[in-house]
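Each chain is listed here by its residues.
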Amino acid sequence: MNIIDDTSASGYIDTGFEGISTSFTEVEIIRTTEFNVLARAKRYGKWWMLKGIAPKAAGNMAHIQMLRKEFETIMSLNCPAVVQVVSLETVGDLGMCIVMEYVEGKTLNGFIETNPPKRERLRIVAQLLDAVEYIHSHGIAHRDLKPSNIMVADNGGGVKIIDFGLADSDRNAILKQPGGTRRYMSPEQETQYECDVRNDIYSLGVILRDMNLGWKYRHISARCVLPIDKRYQSIADLKEAFWRIDRFGIIAARSVYAVIIVAAALAVWLGRGTGNGTASQSEIDSLHNVIATTRAGIDSVKIKATHQIDSMQALLSGTRTQLAEMNRLDSIAKAENEALNRLVNAGYAILERKWKTNLAKFNSMTVEEQKDCAIDLLQYDLFDALNNYANSLRNSQSPEVVEFVHKKVTERMLFIYQPKIMEITNKLFNGEV
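Residues numbered from 1 in each chain as written. Predicted model: local features only at pLDDT ≥ 70, side-chain atom pairs only at ≥ 80, totals over all residues. Heavy atoms only, no water.

## Quick notes on the packing of aromatic side chains
Counted only if it meets this: When two rings of Phe, Tyr or Trp (its six-membered ring) have centres within 6.5 Å they constitute a pair, described as stacked for plane angles under 30 degrees, edge-to-face for angles over 60, and tilted for the intermediate range. By definition, being over a ring means that NZ of Lys or CZ of Arg is both within 6 Å of the ring centre and within 35 degrees of the ring normal.
Overall, the coordinates contain 1 aromatic pair when judged by the stated rule. The ring of Trp 47 carries the charged tip of Arg 40 above its face, separated from the ring centre by 3.7 Å. Lys 46 extends its terminal NZ or CZ atom over the ring of Trp 48, reaching a point 4.6 Å from the ring centre.

Laid out in structure tokens, this is it:
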């Protein structure tokens, strides 16, 4: 046996080597918002994303707590479809920053603009729903799902959800506040302080509409944006709606295959009959069995397809009912607002008329008695007059509107009329009325 002693060494051609720095270098500001700054920087030979506090908000304890809260939220998650964070540390002039992975890819908007095939869009939707379901399983609501916060990675085309700045969970006891992005934010987020996973389902409905998945999926996105108690209550419910549509497609395809099998069997039988004159009884019996089995399969598929169609029609009917109810509630809200404006204007006219009518009663009173009497007259006379106005609506407005106006009258609406009260009081005691 010949042993060859190869003492040559393998290696790179050394024309210079970039050292691996333990500090952040090549810091590049990507975007600065009102409260935050995003930067890209290199450390250990790879790129990282840094999220810090904008200079004008630096030192603000509330924003420092929000940054810490975001870091703790993402650190509690371990999912390939959620951006990964590694530390919270001070980085040069940027100050305290969340250090997270840098995602090479494009936003969901950028992905949609490439006009990908429908199967690719459905693949992204499936990954997105799985990721949001994982986040919700940890008791966290993202509260700011939108295309710019969803990345599609270049390497493999996987989904990455980023920016948990508004994310919240029941276990967090601080920084409870409304928040979100217009268009993608659910209506209740404008006033609701507590997080709710159904906020994210509303946002997903708008995103699904942006992805243009076709008419079969429109009722899914439509239900996502219904009032909170009528939309899907969990991601599992939303995924099941997709499964039903896909299942219906499979059943339809099987029906076509069954028809093809029957047609092929008949063609073979007729072909044999033409070539040989007559087919043997055993061959005929065999074909009858194939046809009977195929017919039974077709009948089974038809029954399942009918059930699926009935289910979809029931869902569409329910959606129409919900839309009609939404329109009804919207009409009531508009009527209430108009009635309230008329009530306020009527109150102003009543104030002027009542003061001028009752001026004669003040001549025999002291200044203090005049003030007390003025306040009593103002409150009780105004209340009676507004109550009469509310009663006059009974024949022209719906019961809901009448009840709404009566409620406002019961509260006397003094917070609305307070400036007018002060104006008339000053005129009275300055002798201007």
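## Topic: unusual backbone geometry
What counts is decided by this rule: Put simply, DSSP H or I for four residues or longer makes a helix, DSSP E for two residues or longer makes a strand, and each gets a number counted from the N terminus. Buried residues are those whose accessible area, probed at 1.4 Å on protein chains only, stays under 20% of the maximum for their type, while exposed residues exceed 50% and partly exposed ones sit between those limits.
Positioned with a positive phi, Asn 115 is a non-glycine residue whose angle comes to about 55°. By the secondary structure assignment, Asn 115 is in the loop between α2 (108-113) and α3 (118-137). Classification of Asn 115 as exposed rests on a relative accessible area of 64%.

## Describing the pattern of salt bridges
Heads up, the condition is: When a carboxyl oxygen of Asp or Glu lies within 4 Å of a side-chain nitrogen of Lys or Arg, that pair is called a salt bridge.
Evaluation of the coordinates by the stated rule reveals 18 salt bridges. For Asp 229, the salt bridge is made with Lys 230, and the minimal N-O distance between the two is 3.9 Å. Since its relative accessible area comes to 54%, Asp 229 is described here as exposed. Residue Arg 328 pairs with Glu 400 through a salt bridge whose shortest N-O separation is 3.3 Å. Here Arg 328, found in helix α7 (residues 281-357), pairs with Glu 400, found in helix α9 (residues 399-410); they are 72 residues apart in sequence, far enough to count as distant. In this structure, a network of salt bridges that share partners links the residues Lys 51, Glu 70 and Asp 163.

## Quick notes on the sheet that holds strand β3 (residues 46-53)
Inclusion rule: We call two strands paired when DSSP finds no fewer than two bridges between them. Axis lines are fitted to C-alpha atoms, over the contacting stretch for helices. Their N-to-C directions set the angle, which ranges from 0 to 180 degrees.
Read across the sheet, 5 strands follow the order β1-β2-β3-β5-β4 without closing on themselves; strand pairing throughout is antiparallel. Lying at the two open borders of the sheet, with one neighbouring strand each, are β1 (25-32) and β4 (85-91). When strand polarity is set aside, the average angle formed by the axes of neighbouring strands in this sheet is 30°. Sheet topology note: the strand β2 (residues 36-43)/β3 ladder contains 8 bridges and is antiparallel. Of the residues in β3, the one forming a bridge with Arg 40 is Met 49.

## Quick notes on the sheet that holds strand β9 (residues 159-161)
Defined as follows: The contact criterion used throughout is that any non-hydrogen atoms of two residues lie within 4.5 Å.
Across the sheet, 3 strands lie side by side as β6-β8-β9; this open sheet has antiparallel pairing. Here the strands that pair on one side only, and so sit at the sheet edges, are β6 (105-107) and β9. On average, each strand axis in the sheet is tilted by 30° relative to the strand beside it, whichever way the strands run. Both β6 and strand β8 (residues 150-153) contribute to a ladder of 3 bridges, which runs antiparallel. Counterpart to Gly 105 in the pairing with β8 is Ala 153. Across the sheet, α3 is in contact with β8 and β9; its angle to β9 comes to roughly 35°.

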